[in-house]
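Next come the chains, spelled out residue by residue.
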Protein chains: 8
Amino acid sequence: ARTGIPEAILAEGKDPAAVADIFANYLERDEQLIATRVTDAIVDALGELMPELHYFPDARIVATQMPEPAESRHTVMVISAGALDRRVAEETAVTCQLLRNPVDRVFDVGVAGLTRFATELDRFDKAGIIIVCAGMDGALPSVVGGLAVQPVIAVPTSVGYGASFGGVAPLLTMLNSCSPGTAVMNIDNGFGAAVLATKMNQLACRTA
Amino acid sequence: ARTGIPEAILAEGKDPAAVADIFANYLERDEQLIATRVTDAIVDALGELMPELHYFPDARIVATQMPEPAESRHTVMVISAGALDRRVAEETAVTCQLLRNPVDRVFDVGVAGLTRFATELDRFDKAGIIIVCAGMDGALPSVVGGLAVQPVIAVPTSVGYGASFGGVAPLLTMLNSCSPGTAVMNIDNGFGAAVLATKMNQLACRTA
Amino acid sequence: ARTGIPEAILAEGKDPAAVADIFANYLERDEQLIATRVTDAIVDALGELMPELHYFPDARIVATQMPEPAESRHTVMVISAGALDRRVAEETAVTCQLLRNPVDRVFDVGVAGLTRFATELDRFDKAGIIIVCAGMDGALPSVVGGLAVQPVIAVPTSVGYGASFGGVAPLLTMLNSCSPGTAVMNIDNGFGAAVLATKMNQLACRTA
Amino acid sequence: ARTGIPEAILAEGKDPAAVADIFANYLERDEQLIATRVTDAIVDALGELMPELHYFPDARIVATQMPEPAESRHTVMVISAGALDRRVAEETAVTCQLLRNPVDRVFDVGVAGLTRFATELDRFDKAGIIIVCAGMDGALPSVVGGLAVQPVIAVPTSVGYGASFGGVAPLLTMLNSCSPGTAVMNIDNGFGAAVLATKMNQLACRTA
Amino acid sequence: ARTGIPEAILAEGKDPAAVADIFANYLERDEQLIATRVTDAIVDALGELMPELHYFPDARIVATQMPEPAESRHTVMVISAGALDRRVAEETAVTCQLLRNPVDRVFDVGVAGLTRFATELDRFDKAGIIIVCAGMDGALPSVVGGLAVQPVIAVPTSVGYGASFGGVAPLLTMLNSCSPGTAVMNIDNGFGAAVLATKMNQLACRTA
Amino acid sequence: ARTGIPEAILAEGKDPAAVADIFANYLERDEQLIATRVTDAIVDALGELMPELHYFPDARIVATQMPEPAESRHTVMVISAGALDRRVAEETAVTCQLLRNPVDRVFDVGVAGLTRFATELDRFDKAGIIIVCAGMDGALPSVVGGLAVQPVIAVPTSVGYGASFGGVAPLLTMLNSCSPGTAVMNIDNGFGAAVLATKMNQLACRTA
Amino acid sequence: ARTGIPEAILAEGKDPAAVADIFANYLERDEQLIATRVTDAIVDALGELMPELHYFPDARIVATQMPEPAESRHTVMVISAGALDRRVAEETAVTCQLLRNPVDRVFDVGVAGLTRFATELDRFDKAGIIIVCAGMDGALPSVVGGLAVQPVIAVPTSVGYGASFGGVAPLLTMLNSCSPGTAVMNIDNGFGAAVLATKMNQLACRTA
Amino acid sequence: ARTGIPEAILAEGKDPAAVADIFANYLERDEQLIATRVTDAIVDALGELMPELHYFPDARIVATQMPEPAESRHTVMVISAGALDRRVAEETAVTCQLLRNPVDRVFDVGVAGLTRFATELDRFDKAGIIIVCAGMDGALPSVVGGLAVQPVIAVPTSVGYGASFGGVAPLLTMLNSCSPGTAVMNIDNGFGAAVLATKMNQLACRTA
Ligand SMILES: Nc1ncnc2c1ncn2[C@@H]1O[C@H](COP(=O)(O)O)[C@@H](O)[C@H]1O
Ligand SMILES: Nc1ncnc2c1ncn2[C@@H]1O[C@H](COP(=O)(O)O)[C@@H](O)[C@H]1O
Ligand SMILES: Nc1ncnc2c1ncn2[C@@H]1O[C@H](COP(=O)(O)O)[C@@H](O)[C@H]1O
Ligand SMILES: Nc1ncnc2c1ncn2[C@@H]1O[C@H](COP(=O)(O)O)[C@@H](O)[C@H]1O
Ligand SMILES: [Mg+2]
Ligand SMILES: [Mg+2]
Ligand SMILES: [Mg+2]
Ligand SMILES: [Mg+2]
Ligand SMILES: [Mg+2]
Ligand SMILES: [Mg+2]
Ligand SMILES: [Mg+2]
Ligand SMILES: [Mg+2]
């Protein structure tokens, strides 16, 4: 597409046979196609194509190609807060890789345990772009953003209960982050965060 | 009252003359009366009683008595996040003092500048109870609570704009805090936080 | 942890095998581990460890250790309003016990039947801390708080239908309680209430 | 009108001169006209008609006639919770009188001070219909309704701040009241409560 | 109870065996017990008591006794708007009967077909109290209330989709009804409407 | 413009001098320009152009031209519910006229007084398109739509208080209208309703 | 009916046997009956009538008659944005046909791919009325409306996740469309959009 | 600060004298200080420092320094949709300049007038980063994002009325944008958008 991002489909809710048809088509043309939020029924329907496809069960992603990172791209660090935020963090990390970015995963770094966070500061400085996935209070991007020279992308997750309202609580936290310049995504939208990081990385490879 | 907390009135919206009458009454009986959210009109109406009253303009509080801290009470540390959160923090701190607690103020400790926070850890360990007032993302109580052995009381403030929705954003953050056991108050309710801290301190002075 | 509260996990949504691994680990180290909101699948996965574990089906809690109450702790009274609020009240009460507090349960004390409440006033005065779990109108903590010298912790429950909005109605009632100083928790967060009560009790055992 | 309730206008927002014209018209026809929420500008515009009109400043009501209570009507008890709820309670009480009901006012009976409430139980039993006006937590109608054989009408008020959301908190409390059969009105709608009480009283005077 | 209304339980969510125990108890004492929102599992558990119990499947209600209407009670007319509102209307009508009121059902009278409504005006005038159950736009109580000398009780239902938000749309319509004095209930709360109507009818039988 | 609707500006919030400049420009080019929601400051700034401009104070509209109705257009009937809905109804009616539609105003036809409505049925049948402006419960479009062969456009107004939430209550009522096919506009958007009616009328003048 | 639209029922939630009875009745009378949102259970219950009925599985609609387009009606163009919006678009298109309008389907024209849209402009100009079904951001009607001389009807769909809140996001987008005169329907209400388009088309066939 | 962004204060709500003190301090140290949302009172208080300060009235910004764009930075294109969105767009553009980015302003490019937009495509391709400020329907970022290879930052504005809910409508549109990777900011937060763009530009100048 004009936007430079390969075709991607949100598979959930779609007819498994129709999804399989699109994949057959892209395989034949030898082009990248990414499907996020694949259900078991869809994975079953893709069964025969599977040997040729790349399937990432934790991320719930299927793709036609698994490319190498592009040259001179900055590392995208993907941070998750709680154990249950890993699903969104995996969707983010795998999409980053499929869009040809080097990725560094730092999972389970809760606000409530900042000591571990402190010990990772070095690794943190090596990243070019930081994506933080967090549910419940959504406070982690504020803490990261207060220390980061890098662009920070915040992904609220639907992890939580009661007054988290399916991700509204961390979404509002992130929109009101006292770390200015935090880029906010829709709830559970790890895919979008990866696209934005990729566009930042592509910009870094263009001459102004 | 049966609850052991002196009478308090929320002055805003009340008739200044009526408020002055109540104060005259309590002065005469030599009892503690606290008025929060006093407006200029009310302060004017209290003018003649003023030499005998205690007026705290930053906290918008007037009281008949300014007592010494009660014996063997723990220090209540009152922390505020942003510059504009000071108003609520002052309401909190002054009420704590009027209810006979020793108070330690630590203002302007934003999540976005945790380095300063780190340098205060010592002072922090000396407190018995911690109250955190924060608007915008309301993330500070999660950070404090992740490090604190003390009970933490969180007061969301209406500081912010747009999607902070008059304090709803920090309120939800605090209710969903990943630091378990955070006590949450109504938006801007510094008074309530001070009452709760006082009840905790009174408990500490009773024999189980 | 630095906060003095033993490790606890919210089990719901987690992989049963992974939860079982963590439990095996804590059993081996002979340390306290608490899992709340355990599902049937998780209880099944914990089956072989079960003889060594403590399982509280009404509270949906599993723990590695069942300790005695710590010395000189105040009794935590756990009050529930309606019959369906018992689940949250049991999560609260069992967590209080696991965190070493003496507990007194007073269940089914609805606002609509205050006569029963009146007859319990004596028992009520013996408590050091009061936790009230209520859904629907969430009015009970206001009534209790109006009579209590003790700190009151209010837990809104998702019990109700229609305009209770999954617990929002009692949550707002409690945040706006006309009994000042009520500590409010997230909807159905009995665990958090128990942690806060424990921190209050620990404070009572420290010297100011 | 077909409904048996005299004409009433909500004056706020209307042109003072236009309101004055309607009043002149009703005075001439010697019929009852009630205007609620009259502003100072409207009271000024009604100035010349004033000697003939009945003006209730606390209730913000003007009427052409002040009738005697109708025969064999039950007393309507109007209860208010906090000091600031009096405005709505006065709108309620005055409208009840203008619609020919005997009225008993019991103001400032907060949930937080139920002892006073207990001492009024006798007077309470003499009422035929009970209207409760309450802001903040809106818990009072639940308490009253748990004890009352009479129909209870609940009027949430916009008194409060923060998470009271202009009266939403007490409105939800009342809709979810655990005292079944509570009739709920719009926020600050004392007028509507009085109309409903009047229709109940009229029913009591009809033969089934 | 002090309120004169027989004991009633909301059965949904409760343990079937526990519900059966309570019923056995009330049958033995020969007292009225009403269970609303009974599920199939509960009906099964009540199976052995069933010959003695009264079961109303459309209303999802079980009761120990089916009394005659009390003397000199006014007829309660129960109106429903759309076909799917019948469930709530039946809960309302059956509860009215169990609480000893004569009942007249007028179902499927939509605002969109007022002609039918016009032909029922006579029957309508014979009623003493009117209850209107409506989902979607919830407009019917406004139309009925504009014509009715009787007290009108409005029950919003969760019937609808999209922006009806599970009954919020008709709830707001009813709270803002331009027919003053409309008594509003919680969403789907037919039981509460019947209790209120009963209290009105009992009042009509007392001497002022 | 491509859409066939003359240029229109929403004047509120704009710099009066800038608005005057645009008007001078359109006058010079002898083209239609419509400004809605003009404030007093803007009317003052337009003062010198005023003799040439058309000013409709009740509608808060200024225009460069006041055209005759176009040939073979259907009459647009503009109905308003309450007295305070007239402002929006006037914005609607005047815009309809400026966009060259014949207009019939039927104001103050509340749901609560349908008898008057019944007497206007004849006039009603002569209209080609019906626009209904209503606040509070917003029930009138459902009633009109249940009787109308014509397209019905519903405009919720911000008239009301409390749980009308600035027009949200009538907006939801209209979106959930049980009269299918009701076209809904934004709150207070009389201008949009007039544009839609004009497009319908223009369609009627084209050959299919 | 007086409104000129044939009887239609929303089948979802209704008893399959009851729905079958109504269909038998309409078949016998040889009249049009439309059922939307038919479930599998209802389709099964209609099995025996099926040879005579018209069933549109993608639209989830069953009807007794499939009429020809009425004479001199304008074509209704039904546009859908994303792949998942097709369900609502099919309900819209089939209802349009059943109500005797010529229909042109233009599906999968996302805002994010406006180039395809541009190539359809010719076809677009031939339509008399445009209906746009869109979920997620709901931006397509604004784009279409900015180019269209025709009336535009916007149907928000519940397609999306997270902060789309079941269709609230596109609903608000459409209500605030900067293309004035956009007619907005309830979420997923393709049926209503078709009724409105039909009324517009009928108007075009009447003489003013 | 560690984050590489110069100190900035949100001036609104702060004491003018205090703001002036901070400015004097930064002038003395010859460091950059940016104040956004300066009120008239604050501008007055800064009066004496003004000759040395840079004041941007349309952007409501004051700064101590006006630097040249940094070398090899990409141009940030700032697009606004409607006339009233200019204020936020100016805050964005001026902050971008103060943070040393070359800026290209493209204002008043509404979705409803995409023809103008098409003619700017060339200029558009020269930009490195695109920021879109839009109120009402907030649809413009979706359209821009569908065509852009660049990172797109979306700023919802509070421009609009009724169901725009102070910027909630465009905020939700942007969070749900069907153009993947759109970075969303808080309502009216032009400052944050500029910080994010600056961090992207800084990244482009670092070696991966
Ligand atoms: N700033 C405050 N926020 C919340 N509650 C307060 C505040 N100040 C006083 N109160 C409480 O508000 C109640 C006073 O209500 P009233 O009787 O209407 O004056 C008392 O219960 C006080 O303890
Ligand atoms: N009262 C109104 N409500 C909604 N839209 C309006 C109103 N008056 C003018 N408009 C539209 O608002 C837009 C004006 O936006 P602007 O270019 O910012 O002046 C134009 O598309 C008008 O058609
Ligand atoms: N999909 C639909 N969405 C909205 N309304 C519908 C739909 N299908 C049928 N209706 C309308 O819903 C009403 C049917 O209600 P009922 O009488 O309860 O079956 C009729 O007014 C129909 O015109
Ligand atoms: N217009 C603005 N919107 C959002 N944040 C801002 C704005 N202007 C300054 N800030 C940030 O707000 C914070 C200032 O908070 P304070 O310390 O209370 O002055 C700093 O983090 C700034 O970077
Ligand atoms: Mg696609
Ligand atoms: Mg008081
Ligand atoms: Mg943990
Ligand atoms: Mg009137
Ligand atoms: Mg009970
Ligand atoms: Mg314009
Ligand atoms: Mg029907
Ligand atoms: Mg600062």
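Residues numbered from 1 in each chain as written. Chains lettered and ligands numbered in written order. Predicted model: local features only at pLDDT ≥ 70, side-chain atom pairs only at ≥ 80, totals over all residues. Heavy atoms only, no water.

Q: Pulling in residues and values, what's your account of the overall build of chain A?
A: When helices and strands are counted, chain A shows eight helices and nine strands. The globule rule puts the C-alpha radius of gyration for 208 residues at 17 Å, and the 17 Å found for chain A is close to it. Along the three orthogonal principal directions, the C-alpha set of chain A runs to about 50 × 45 × 30 Å. By residue count, 62% of the 208 residues in chain A fall in the buried class. Long-range pairs, those at least 24 residues apart, make up 69% of the contacts in chain A between residues at least 6 apart in sequence. Of the accessible surface of chain A, which amounts to about 7300 Å², a share of 50% is contributed by carbon and sulfur atoms. When the 15 positive and 24 negative side-chain charges of chain A are each reduced to one mean point, those points stand 7 Å apart. (Helix = DSSP H or I, 4+ residues; strand = E, 2+ residues; numbered from the N terminus. Rg over C-alpha atoms; globule rule 2.2 N^0.38 Å. Buried < 20%, exposed > 50% of the residue type's maximum accessible area, 1.4 Å probe, protein only. Contact = heavy atoms within 4.5 Å. Areas by Shrake-Rupley, 256 points an atom, 1.4 Å probe, with all protein chains shown as cover. Lys, Arg positive; Asp, Glu negative; His and termini not counted. Charge placed at Lys NZ, Arg CZ, Asp CG, Glu CD.)

Q: Give me the relation of the copies chain H and chain A: which residues, what numbers.
A: Overlaying chain H on chain A yields an RMSD of 0.0 Å, the required transformation being a rotation through 180 degrees with an accompanying axial translation of 0.0 Å. Seen this way, the second copy is the image of the first under a two-fold rotation axis. When each C-alpha of chain H is compared by its distance to the rotation axis, Ala204 of chain H comes out closest, at 1.9 Å. A shared binding surface is used by both copies, with 100% of the interface residues of chain H retained as interface residues in chain A. (Least-squares fit on C-alpha atoms with pLDDT ≥ 70 in both.)

Q: Run through helix α6 (residues 140-147) of chain A, naming residues and quoting values.
A: Burial within α6 of chain A is extensive, with eight of its eight residues counted as buried. Residues of α6 of chain A that are buried: Leu140, Pro141, Ser142, Val143, Val144, Gly145, Gly146 and Leu147 of chain A.

Q: I'd like to hear about the site of ligand 3, residue by residue, with values.
A: Around ligand 3, 13 residues are found, and the nearest of them are Tyr161 of chain E together with Ala8, Lys14, Thr36 and Asn189 of chain G. Chains contributing residues to the immediate surroundings of ligand 3 are chains E, F and G. Here an oxygen atom of ligand 3 and a side-chain polar atom of Lys14 of chain G are 2.3 Å apart. The contact in question runs from a nitrogen atom of ligand 3 to an N or O atom on the side chain of Thr36 of chain G, over 2.7 Å. For ligand 3, whose accessible area on its own is 500 Å², the fraction buried by protein is 79%. Top element by residues in the shell around ligand 3 is strand β1 (residues 7-10) of chain G. It accounts for three residues. Tallied by class, residues from the shell around ligand 3 come to eight nonpolar, two polar and three charged. (Near = heavy atom within 4 Å. Polar contact = N/O pair within 3.5 Å; in protein donor to acceptor, adjacent residues only side chain to side chain. Nonpolar A, V, L, I, M, F, W, Y, C, P; charged D, E, K, R; others polar.)

Q: An account of the packing of helix α7 (residues 168-175) of chain A against helix α7 (residues 168-175) of chain B is requested, with residue identities and associated values reported.
A: Packing of α7 of chain A against α7 of chain B brings their axes to within 8 Å, and their N-to-C directions diverge by 125 degrees. Looking at the two axes, α7 of chain A sits oblique to α7 of chain B. Considering only the axes of α7 of chain A and α7 of chain B, their crossing is left-handed. Within the contact between the two elements, α7 of chain A uses Val168, Ala169, Leu172 and Thr173 of chain A and α7 of chain B uses Ala169, Leu172 and Thr173 of chain B. For the contact of α7 of chain A with α7 of chain B, the per-class residue count stands at five nonpolar, two polar and no charged. (Axes fitted to C-alpha atoms, helices over the stretch in contact; angles between N-to-C directions. Parallel < 35°, antiparallel > 145°, perpendicular 65-115°, else oblique. Left-handed = near helix turned anticlockwise from the far one by under 90°.)

Q: Describe the relation of the copies chain H and chain F, and please don't skip the residues or the numbers.
A: Mapping one chain copy onto the other needs a rotation about an axis and a shift along that axis. Laying chain H over chain F is done by rotating through 90 degrees and shifting 0.0 Å along the axis; what remains is an RMSD of 0.0 Å. What the rotation and shift describe, once combined, is the action of a four-fold rotation axis. Looking at the rotation axis and the C-alpha trace of chain H, the residue lying nearest is Phe165 of chain H, at 7.4 Å.

Q: Talk me through the packing of helix α3 (residues 86-98) of chain H against helix α8 (residues 190-204) of chain H; I want residue IDs and the actual numbers.
A: Residues and elements named next belong to chain H. Interaxial distance between α3 and α8 falls to 8 Å at its minimum, and their mutual angle equals 35 degrees. Note that α3 runs across α8; the crossing there is right-handed. Taking contact as the criterion, the partners of Val88, Glu91, Thr92, Thr95 and Cys96 in α3 are, on α8, Gly190, Phe191, Ala193 and Ala194. Class assignment of the residues belonging to the contact of α3 with α8 gives a composition of five nonpolar, three polar and one charged.

Q: Lay out the state of the cysteines in plain terms, naming residues and giving numbers.
A: By definition, a disulfide links the sulfur atoms of two cysteines through a covalent bond. Tallied over the entire structure, the rule returns zero disulfides over all chains. The closest cysteine sulfur to the non-disulfide-bonded Cys133 of chain B is located on Cys96 of chain B, 9.2 Å from its own sulfur. (Disulfide = S-S within 2.5 Å.)

Q: I'd like to hear about the interface of chain H and chain A, residue by residue, with values.
A: Taken together, the contact pairs 39 residues of chain H with 39 residues of chain A. For the pair chain H and chain A, the interface holds zero salt bridges. Breaking the side of chain H that touches chain A down by element, the ones donating at least two residues are α5 (121-126), α6 (140-147), α7 (168-175), β9 (183-184) and α8 of chain H. The element that contributes the greatest number of residues to the side of chain H that touches chain A is α8 of chain H, accounting for nine residues. (Salt bridge = Lys/Arg side-chain N within 4 Å of Asp/Glu carboxyl O.)

Q: Which residues make up the interface of chain H and chain F, and what values do they have?
A: Contacts between chain H and chain F engage seven residues on the former and eleven residues on the latter. Three residues, Leu84, Tyr161 and Ala163 of chain H, lead the burial of chain H against chain F; their summed loss comes to 68% of the area buried on that side. For the pair chain H and chain F, the interface holds zero salt bridges. For the pair chain H and chain F, the number of links is four residue pairs in polar contact (both at pLDDT 80 or more). (Buried area = accessible area lost by both parts, 1.4 Å probe.)

Q: With reference to specific residues and values, describe the packing of aromatic side chains.
A: Enumeration over the complete set of coordinates arrives at zero aromatic pairs over all chains. Over the aromatic face of Tyr26 of chain A sits the side chain of Arg29 of chain A, whose NZ or CZ is 4.3 Å from the ring centroid. (Phe/Tyr/Trp six-rings, centres within 6.5 Å; stacked < 30°, edge-to-face > 60°. Lys NZ or Arg CZ within 6 Å of the ring centre and 35° of its normal.)

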